[in-house]
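Take a look at the letters that make up each chain.
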Amino acid sequence: MRTTTDLVTNILDETTLDEDVIEAYINSANVFVTAYLGTKGLSDDLLANIEMWLAAHMIVVTRERAIKEAGAGGAYVKYAGEWGEGLLGSTYGQMAVNLDTTGTLINLAKQKSSAWSKAVPNFD
């Protein structure tokens, strides 16, 4: 793996996940980055950064969705991003897309049934 739990934890606003769970997300991000970007000629440092942002993205779109709005009286919560937005559904995914100078991630993000939606782990 190219990134660490400490690096992923440092970019998240906050997390209650333990290191083993974060490590599982990092593993999924590593598999994804290796499969789609590993042979594109990007530097190891850039791949490590993309992997870090992808792991954070996976966390916030599955286990720790970012709250956009919350209410008390009617007890509602509105989450930032929407299911189906894929990589563009969080600021972390958007950063990974921006770091990918090959354009591979933005092309995947634009596909209706992208490989991304199949790569996100479900830890519930």
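Criteria and thresholds
- Residues numbered from 1 in each chain as written.
- Predicted model: local features only at pLDDT ≥ 70, side-chain atom pairs only at ≥ 80, totals over all residues.
- Heavy atoms only, no water.
- Helix = DSSP H or I, 4+ residues; strand = E, 2+ residues; numbered from the N terminus.
- Buried < 20%, exposed > 50% of the residue type's maximum accessible area, 1.4 Å probe, protein only.
- Contact = heavy atoms within 4.5 Å.
- Areas by Shrake-Rupley, 256 points an atom, 1.4 Å probe, with all protein chains shown as cover.
- Phe/Tyr/Trp six-rings, centres within 6.5 Å; stacked < 30°, edge-to-face > 60°.
- Arc of directions from axis to C-beta.
- Axes fitted to C-alpha atoms, helices over the stretch in contact; angles between N-to-C directions.
- Parallel < 35°, antiparallel > 145°, perpendicular 65-115°, else oblique.
- Left-handed = near helix turned anticlockwise from the far one by under 90°.
- Nonpolar A, V, L, I, M, F, W, Y, C, P; charged D, E, K, R; others polar.
- Patch = residues over 30% accessible without salt bridge, like charges linked within 9 Å, V, L, I, M, F, W, Y side chains within 5 Å.
- Salt bridge = Lys/Arg side-chain N within 4 Å of Asp/Glu carboxyl O.
- Lys, Arg positive; Asp, Glu negative; His and termini not counted.
- Charge placed at Lys NZ, Arg CZ, Asp CG, Glu CD.

Student: Talk me through the overall build of the protein chain; I want residue IDs and the actual numbers.
Tutor: Each helix and strand in the protein chain was counted, giving 6 helices and 2 strands. Starting at the N terminus and ending at the C terminus, the protein chain contains elements arranged as α-α-α-β-β-α-α-α. Residues classed as buried in the protein chain amount to 40% of the 124 residues present. Contacts spanning at least 24 positions in sequence make up 63% of the contacts within the protein chain whose residues lie at least 6 apart. Carbon together with sulfur atoms contributes 48% to the accessible area of the protein chain, which is approximately 7,100 Å² in total.

Student: Mind laying out the packing of aromatic side chains, listing which residues take part and the relevant values?
Tutor: For the structure shown, the criterion picks out 2 aromatic pairs. Seen in terms of ring centroids, Phe 32 and Tyr 36 are 4.8 Å apart; in terms of plane orientation they differ by 35°. Their pairing is tilted. With Phe 32 and Tyr 36 both in helix α2 (residues 19-37), this residue pair falls 4 residues apart, about one helical turn. The class of Tyr 36 is partly exposed, set by a relative accessible area of 30%.

Student: How would you explain the environment of Phe 32 if you had to name every residue and give the values?
Tutor: Since its relative accessible area comes to 3%, Phe 32 is described here as buried. Distance from Phe 32 to Leu 54, taken between C-alpha atoms, is 8.9 Å for residues 22 residues apart in sequence.

Student: Could you give me a rundown of helix α4 (residues 91-99), with the residues and numbers involved?
Tutor: Buried within α4 are the following residues: Tyr 92, Gly 93, Ala 96 and Val 97. Seen from one end, α4 has its buried residues packed into an arc of 140°, which puts them on one side. Seen from the buried face of α4, the exposed residues on the opposite side, beyond 90 degrees, are Thr 91 and Asn 98.

Student: Hey, could you go over the packing of α2 against helix α3 (residues 44-62) for me, with residue numbers and the actual values?
Tutor: α3 packs onto α2 with a crossing angle of 125° between their chain directions and a minimal axis gap of 8 Å. One element, α2, and the other, α3, form an angle in the oblique class. As α2 runs across α3, the sense of the crossing is right-handed. Contacts between α2 and α3 involve Ile 22, Tyr 25, Ile 26, Ser 28, Ala 29, Asn 30, Phe 32, Val 33 and Leu 37 from the first element and Leu 47, Ile 50, Glu 51, Leu 54, Ala 55, Met 58, Ile 59 and Thr 62 from the second. Residues that form the contact of α2 with α3 fall into these classes: 13 nonpolar, 3 polar and 1 charged.

Student: A description of a negative patch on the surface should follow, citing residues and the corresponding values.
Tutor: A grouping of Asp 6, Asp 18, Glu 19, Asp 20 and Glu 23 is seen on the molecular surface, where their side chains present a negatively charged patch. With 3 residues, α2 is the largest single contributor of residues to the negative patch. Summarising the element assignment, Asp 6 is placed in helix α1 (residues 5-11). Taking relative accessible area as the criterion, Asp 6 reaches 52% and is therefore assigned exposed.

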